[in-house]
Amino acid sequence: MRKLITTMCFIFSIVAGALSAAPIEIKFSHVVAENTPKGKMAIRFKKLVEQRLPGKVKVSVFPNAQLFNDDRVLEAIILGDVQLAAPSLSKLETYTKKFQIFDLPFLFDDMQAVDRFQQSKEGQKLLASLESKGLTGLGYLHNGMKQLSANDPLFAPADAKGKKFRIMASDVLAAQFQVVNAHPVKKPFSEVFTLLQTKAIDGQENTWSNIYSKKFFEVQSHITETDHGVLDYIVVTSKEFWSGLPDEIRPIVEKSLQEAIDYGNKVALEKDEQDKLAIITSKKSKVIELSSAQRQQWKQAMAPVWKEFQDEIGADLIKAAQEANQVN
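This is a predicted model, so every value here is computed, not measured.

Draft legend 1. Structural detail: unusual backbone geometry. In this structure, alanine 65 takes a positive phi of about 55° despite not being glycine. The backbone phi angle of aspartate 227 is positive, close to 50°, even though this residue is not glycine. Inspection of the secondary structure assignment puts aspartate 227 in the loop between β9 (222–225) and β10 (230–238).

Draft legend 2. Region of interest: helix α6 (residues 171–178). The buried fraction of α6 amounts to six of the eight residues, a majority that puts the element mostly inside the structure. Looking at the packing, one finds that the buried side of α6 touches β5 (147–150), β6 (164–167), β7 (183–186), β8 (203–206), α11 (292–302) and α12 (304–313). For α6, the capping residue at the N-terminal end is serine 170, with a side-chain oxygen 3.3 Å from the backbone nitrogen of valine 172.

Draft legend 3. Structural detail: the side chain of lysine 276. Among the structural elements, lysine 276 can be located in helix α10 (residues 250–282). With residues near it in sequence (within four places) discarded, lysine 276 still touches Trp208, Glu225, Lys271 and Glu289.

Draft legend 4. Broad picture of α12. Within α12, the full set of buried residues consists of Val305, Phe309 and Ile313. Buried residues of α12 fall within an arc of 55° about the axis and therefore sit on the same side. Along α12, the residues that are exposed and aim more than 90 degrees away from the buried face are Lys307 and Asp311. At its buried positions, α12 is contacted by α6, α11 and α13 (315–323). Following α12 by one or two positions, glycine 314 has its phi on the positive side, about 110°.

Draft legend 5. Spotlight on the sheet that holds β8. Read from one edge to the other, the open sheet built from six strands follows the order β7-β6-β8-β5-β9-β11, with strand pairing classed as mixed. Here the strands that pair on one side only, and so sit at the sheet edges, are β7 and β11 (286–289). Direction aside, neighbouring strands of the sheet carry axes that sit 30° apart on average. Summarising the sheet, β5 and β8 pair through four bridges and their orientation is antiparallel. From the neighbouring strand, serine 149 faces β8, where its bridge partner is glutamine 204. Packed onto the sheet, α6 meets β5, β6, β7 and β8 and runs at close to 155° relative to β7.

Draft legend 6. Geometry of the environment of arginine 72. The residue arginine 72 is located in the loop between β2 (57–62) and α3 (73–79) in this model. Among the residues examined, arginine 72 registers a relative accessible area of 49% and is labelled partly exposed. C-alpha of arginine 72 to C-alpha of proline 87: the two residues are 15 residues apart in sequence and 9.7 Å apart in space.

Draft legend 7. Broad picture of the pairing of β9. By the alternation rule, side chains of β9 split into His222 and Thr224 and Ile223 and Glu225, which are all buried. Here β5 runs beside β9; their pairing, made up of three bridges, is antiparallel. Looking across to β9, one finds that serine 149 is bridged to isoleucine 223. Bridging between β9 and β11 involves four bridges; their strand directions are parallel. Bridge pairing in β11 links isoleucine 223 to valine 287.

Draft legend 8. The nonpolar core, seen in detail. The biggest cluster of nonpolar side chains holds 57 residues, and the ones touching the most others in it are Ile26, Met41, Phe45, Val235 and Trp298. A per-element tally of this core places α10 first, with five residues. Filtering out sequence-adjacent residues up to four positions away, isoleucine 26 remains in contact with Phe45, Val57, Lys58, Val59, Ser60, Gln83, Leu84, Phe241 and Val253. Formed by 38 residues, the second largest nonpolar core is a distinct cluster that contains Leu92, Ile234, Val236 and Ile318.

What counts and what doesn't
Residues numbered from 1 in each chain as written. Predicted model: local features only at pLDDT ≥ 70, side-chain atom pairs only at ≥ 80, totals over all residues. Heavy atoms only, no water. Helix = DSSP H or I, 4+ residues; strand = E, 2+ residues; numbered from the N terminus. Buried < 20%, exposed > 50% of the residue type's maximum accessible area, 1.4 Å probe, protein only. Contact = heavy atoms within 4.5 Å. Polar contact = N/O pair within 3.5 Å; in protein donor to acceptor, adjacent residues only side chain to side chain. Arc of directions from axis to C-beta. Pairing = 2+ DSSP bridges. Axes fitted to C-alpha atoms, helices over the stretch in contact; angles between N-to-C directions. Core = buried A, V, L, I, M, F, W, Y, C linked by side-chain atoms within 4.5 Å.

Treat this as a map of the structure, not an account of what it does.
Encoded structure:
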């Protein structure tokens, strides 16, 4: 009997040792292609973590909504089905209305202003605001400024009248199109190409890298360079998972993630111009450059959206974002 107990204890110790040696798995889910800034950032994160923590952490990246679209991924994170995601900032609307600030049309002059706001005290406070919802915001990831595309030229707000534009699930974005008498259609990103190809919708708004990587320019005859909004992401995990990482593991994972985010943001700036040029060169879609006066028309037409959502977002937060346009 003693020999049997000793043998069982030995087997148990081997099994327990094997289990304890199993690597921590991090599933990273996102909805875009691997050659986009977000896709490249995720691959860089995987490479850095697995180099620095060999056998201890395994990162599996799932692009193109292979696991979840952005409408479901935050719930999946809280449930533990995935550990990392980078949904668009619009997806946080159901968790806190303050993130709607990033959807306000013509709030930021350029990506440098966006970055200044996100790194400010107010921007970092927004990241921390998710803790009460069971989520931990780990950083902001850039994609770029948004442009409008359609199968007719869009020079003035009146040109959008009656047209159906795909939007993310965002009340602010819905209001943005409603004030120019267009029809917003909330649909997942993964369905946009087919919707455009079949003419179920007339147009959409997106960054140059998404328009190029998802080939929207092949099924849209015109793209108007409006720079009317920003499409950025939040790299997020669950509070439970993040706090549960061993103390010797978490700092290395966090450092790797921040380096990957910095890399992704650099790629975003570079790809913005590269993909715009590639679209122009393809001659499959005509790029319309607005004059200052024409852009001002769009800005004035969409200005009522700010007032509509000011109370939900907070006037002080909007003011802080506006101040980010001013270089000290």
